[in-house]
Amino acid sequence: MDPLTIPTSIFGLLKATAQVAQYLAPYVAAARDTPKIVTQVHSEVVYSRTILLALEGLTKNLAAIPVKRAALIDVDQLVAVFTDGVLLFSELEASLPSLPPSEPASPRIPLQTRLQWASKESAFVALLARLQSFKVSISSMLIILQRQVHHLD
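Note that the structure is a prediction, hence the values are computed from the model and not measured.

## Looking at the pattern of salt bridges
Here is step 1 of the chain: In the structure shown here, the tally under the stated rule is three salt bridges.
Here is step 2 of the chain: Taking the shortest distance from any N to any O, the salt bridge between Glu 44 and Lys 135 comes out at 3.1 Å. Residue Glu 44 is located in helix α2 (residues 36-59), and its partner Lys 135 is located in helix α6 (residues 121-146); the two are separated by 91 residues in the primary sequence. A single burial state applies to Glu 44 and to Lys 135, both of which are buried.
Here is step 3 of the chain: Asp 84 is the salt-bridge partner of Arg 130, the closest N and O atoms lying 3.8 Å from each other. With a gap of 46 residues between them, Arg 130 in helix α6 and Asp 84 in helix α4 (residues 75-95) connect regions that are remote in the sequence.

Here it is, written out as structure tokens:
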């Protein structure tokens, strides 16, 4: 993977996470009427965004990452994780317009909108599982790259 591709992938994923989180935020704000799957997807998107921001920070100073530590992450694994992330967020973004937009002036979500969310729940359950897997993968990479080895003298 080209060294410039990593920051570009992370930037694209950060943009996608921001858009998805922004779309879902009004639904989450109407917590009483929000289907549980909405808040779960929103949380996973926000957590993924936080991890991606940390990874982005590391890519700005690649020289500071010990070579032995970076070598623990195979390039093919990196490509697979970021490719899956891009496909996942593309699919997630594509599914959002099929849902009705939240009414910003109302703290409640109309019944018809809640029913539309319910009809899409199985698709969002599958996306939630993929989001969780993506989060675990990028989180593992972050831990590997950030971990400080302490030697006892």
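## Brief notes about the nonpolar core
One recurring pattern in soluble globular proteins is that nonpolar side chains are buried together.
Here is step 1 of the chain: Counting 36 residues, the largest nonpolar core has Val 41, Leu 52, Leu 55, Phe 89 and Leu 92 as the members making the most contacts within it.
Here is step 2 of the chain: Secondary structure elements with two or more residues in this core: α1 (5-29), α2, α4 and α6.
Here is step 3 of the chain: When neighbours within four sequence positions are excluded, Leu 55 is seen to be in contact with Ile 10, Ile 138, Leu 142 and Leu 145.

Cut-offs and rules
Residues numbered from 1 in each chain as written. Predicted model: local features only at pLDDT ≥ 70, side-chain atom pairs only at ≥ 80, totals over all residues. Heavy atoms only, no water. Salt bridge = Lys/Arg side-chain N within 4 Å of Asp/Glu carboxyl O. Helix = DSSP H or I, 4+ residues; strand = E, 2+ residues; numbered from the N terminus. Buried < 20%, exposed > 50% of the residue type's maximum accessible area, 1.4 Å probe, protein only. Core = buried A, V, L, I, M, F, W, Y, C linked by side-chain atoms within 4.5 Å. Contact = heavy atoms within 4.5 Å.

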